[in-house]
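# A structural walkthrough
Now for the letters of each chain:
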Amino acid sequence: MTKAEKKVHLRGHITVPHDRLEQVRQALPAHISLTRAEAGCISFEVCEDANQPGRFEVSEVFANRAAFEAHQDRTKNSDWYRITQGIPREYIVTSE
């Protein structure tokens, strides 16, 4: 199996500043729904940490590199991208 054919996993978190938190919370359900509907999306979870408001744990699995890249391209033209632009993200992407 080539690297392009392996599943792509993204894990990490996004840390939303307090002044943008409500806007992000409101936009999140649509972002999750749109992503889960994408071809090649195996799982997509974003959950706010109950102990650290504003920290959202992210876990994504895509069927292959092409599906992951299509997701990245779609989000660059989305409301989610505009709303979260400039917010710090700490992600690790692996292929398995």
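Coordinates for the structure precede this section.
Before going into details, it helps to say that this report is about the structure given with it. (Residues numbered from 1 in each chain as written. Predicted model: local features only at pLDDT ≥ 70, side-chain atom pairs only at ≥ 80, totals over all residues. Heavy atoms only, no water.)

It is worth spelling out the layout of surface pockets at this point. The space that makes up the largest pocket amounts to roughly 270 Å³. What lines the largest pocket is a set of 18 residues, and nearest its centre among them are Gln72, Thr75, Trp80, Arg89 and Tyr91. Only β1 (8–15), β2 (41–48), β3 (55–62), α2 (65–75), α3 (79–84) and β4 (89–95) provide two or more residues apiece to the lining of the largest pocket. Across the lining of the largest pocket, the residue classes break down as eight nonpolar, seven polar and three charged. (1 Å grid on protein atoms, 1.4 Å probe; cavity = no way out; pocket = protein on both sides within 12 Å on 5 of 7 lines; lining within 4 Å. Points joined across faces, edges and corners; volume = space filled by probe spheres on them. Helix = DSSP H or I, 4+ residues; strand = E, 2+ residues; numbered from the N terminus. Nonpolar A, V, L, I, M, F, W, Y, C, P; charged D, E, K, R; others polar.)

We now examine the packing of aromatic side chains. One pass over the full model with this rule turns up one aromatic pair. Note on phenylalanine 62 and phenylalanine 68: the rings are 5.8 Å apart at their centroids and 65° apart in plane angle, and the pair reads as edge-to-face. Here phenylalanine 68 falls in the buried class, since its relative accessible area comes to 7%. (Phe/Tyr/Trp six-rings, centres within 6.5 Å; stacked < 30°, edge-to-face > 60°. Buried < 20%, exposed > 50% of the residue type's maximum accessible area, 1.4 Å probe, protein only.)

Right, let's get into the pattern of salt bridges. All chains considered together, the criterion is met by six salt bridges. Its salt-bridge partner being arginine 25, residue glutamate 22 comes within 3.7 Å of it at the nearest N-O pair. Of this pair, glutamate 22 and arginine 25 both sit in helix α1 (residues 21–36), separated by three residues, roughly a single helical turn. Residue arginine 25 is classed as partly exposed on the basis of its relative accessible area, which comes to 34%. With a closest N to O distance of 2.3 Å, glutamate 38 and arginine 74 form a salt bridge. Here glutamate 38, found in the loop between α1 and β2, pairs with arginine 74, found in helix α2; they are 36 residues apart in sequence, far enough to count as distant. The exposure class of glutamate 38 is buried, given its relative accessible area of 14%. (Salt bridge = Lys/Arg side-chain N within 4 Å of Asp/Glu carboxyl O.)

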